[in-house]
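A look at the structure
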Amino acid sequence: MVIAVEEAPIMRLVIVTTITISPATIKSPIIITIAIKILKDFGFGFFILLEFWLRFGSMTCFTTNNLNIIVNENSLKTNRATRLDRWLTDYIANNPDFPELSRTRLKHLIQNMCVSCDEKIVINPSLTVKLGQVYRIKIPEPKPAEPKAQAIELDIIYEDHYLIVINKSAGMVVHPAPGSWDGTLVNALLSHCGNSLSGIGGVRRPGIVHRLDKDTTGLMVVAKSDEAHQHLVHQFAARTIKRSYEALIWGILEKPKDKIDMPIGRSPRNRKKMAVVKHGGKQAVTNYRVKEQFGQTVSLLKCQLESGRTHQIRVHLSHIGHSLVGDQLYGSGRASNPEKDPILEVIKNFGRQALHAKSLDFIHPYTRNLVHFSSSLPKDMRQIIDALRDKRSF
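Summary of the structure given here. (Residues numbered from 1 in each chain as written. Predicted model: local features only at pLDDT ≥ 70, side-chain atom pairs only at ≥ 80, totals over all residues. Heavy atoms only, no water.)

1. Overview of the nonpolar core
Side chains of a nonpolar character, in soluble globular proteins, are inclined to be buried together. In this structure, Leu185, Leu189, Tyr245, Leu301 and Ile313 are the most contacted members of the largest nonpolar core, which totals 31 residues. For this core, the elements supplying multiple residues, two or more each, are strand 10 (163–168), helix 5 (185–193), strand 11 (217–223), strand 12 (242–250), strand 16 (285–294), strand 17 (298–305), helix 7 (312–319) and strand 18 (355–363). Ranked by the residues each element gives to this core, the list is headed by helix 5, at 6 residues. If near-sequence neighbours (up to four positions away) are discounted, Ile313 is found in contact with Tyr245, Thr286, Cys303, Leu305, Leu324 and Leu355. With 21 residues, the next largest nonpolar core counts Leu67, Trp87, Val115 and Cys117 among its residues. (Core = buried A, V, L, I, M, F, W, Y, C linked by side-chain atoms within 4.5 Å. Buried < 20%, exposed > 50% of the residue type's maximum accessible area, 1.4 Å probe, protein only. Helix = DSSP H or I, 4+ residues; strand = E, 2+ residues; numbered from the N terminus. Contact = heavy atoms within 4.5 Å.)

Set out below in structure tokens:
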């Protein structure tokens, strides 16, 4: 692009090299400057403003599949790492508007020629980051993985031609994901139900309409037909499905019964966690009732959900200072000394969050009748409750 500049009788030219990204592929058109030479002696305010906008007004942008980042002075000052993969990891992690990308993922993208610097492909993750460089990261579309049927034993509470209710065990991931491509509930369902689940809810999650965390036990309903799937999804969206949980928490709550109404969103400090947030979160409501107390150390709660946010019960209870027993992600530890509190000796080695999906109520997609399902606490939670009851006299 050639821009004519007139000052007194002298005509000079400023050459500005730019890249224009098509508006069809991004949220809004932007221009990223590769090289710009501003002749300061012109004293021409337009070019100074243009330089400022190009350098700072369009520092970063991203689409579903592409990230565009200009290395500026602020980003170098706030990020000590100058190695490319480390710098990109920290830069993206500190920008809440960017998608989550681990250092391993970024290193893989670099090595697979998905990252360019100043329009040149880079394949070296240890490349030194320098001021003024322009990086473009192309994130390939995920390839749908066809889950394989695996003969895994399931605890089936109920089953008909339209749906199946499962009592999920601890340690079972619901659907295939990075790090857990097999041994999941979906793999087990494909083996149990055969081709009847194909295509329902997408390739990766056939029939799945809601989830439980890997180490949370209890009831889940899975659709076996497209009609049932759509009907159940609408019920979850309308919040007409009733779900209750039982949980063991640290400490004694001030109120024996209460409602926690606090929005939940991605944690600004740790992108792997959820948190109660002031801005940008989604409404989340958890009702709880204390069922039993064990000394001053542990309580058994019944929790009723009005919404279904990721890690909702764990986040809400941790936020009010009563994290779940065994919760490695949201637990804050205890101030009590184990040598002085015999109850802690019983539960200190409990290896997962003590949370169980106890009951499930919904309208059957075919009969249109209200159905109710419940399941007993799993053996590990029953054992810890029995032990706590025995030690309650100490």
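Okay, back to it.
2. Comments concerning the environment of Val371
Along the chain, the position of Val371 falls in strand 19 (residues 370–374). Put simply, Val371 and Asp361 are 10 residues apart on the chain and 5.7 Å apart in space, counted from C-alpha to C-alpha. In this structure Val371 touches Leu360, Asp361, Phe362 and His364, once residues within four positions along its chain are discounted.

3. What to know about the side chain of Thr286
Its location among the elements puts Thr286 in strand 16. Accessibility expressed as a relative area gives 1% for Thr286, which makes it buried. There is a polar contact of 2.9 Å between the side chain of Thr286 and the side chain of Gln312. In contact with Thr286, other than residues within four places in its own chain, are Asp258, Lys259, Ile260, Cys303, Gln304, Leu305, Gln312, Ile313 and His316. (Polar contact = N/O pair within 3.5 Å; in protein donor to acceptor, adjacent residues only side chain to side chain.)

4. Remarks on the side chain of Thr217
Among the structural elements, Thr217 can be located in strand 11. Among the polar contacts made by the side chain of Thr217, one reaches the side chain of His356 at a distance of 2.7 Å. Apart from residues no more than four positions distant in its own chain, Thr217 is found in contact with Lys168, Ser169, Ala170, Leu212, Arg352, Leu355, His356, Ala357 and Pro378.

5. Re the packing of helix 3 (residues 84–93) against helix 4 (residues 103–111)
For any two helices packed against each other, one specifies the crossing angle of their axes together with the interaxial distance. At their nearest, the axes of helix 3 and helix 4 sit 9 Å apart, and the two run at 130 degrees to each other. Judged by the inter-axis angle, helix 3 sits oblique to helix 4. Of the two possible hands of crossing, helix 3 and helix 4 adopt the one that is right-handed. Counted together, Leu84, Asp85, Arg86, Leu88, Thr89 and Ile92 of helix 3 and Arg103, Leu106, Lys107 and Ile110 of helix 4 form the full contact between these two elements. (Axes fitted to C-alpha atoms, helices over the stretch in contact; angles between N-to-C directions. Parallel < 35°, antiparallel > 145°, perpendicular 65-115°, else oblique. Left-handed = near helix turned anticlockwise from the far one by under 90°.)

In short, geometric facts, not functional conclusions.
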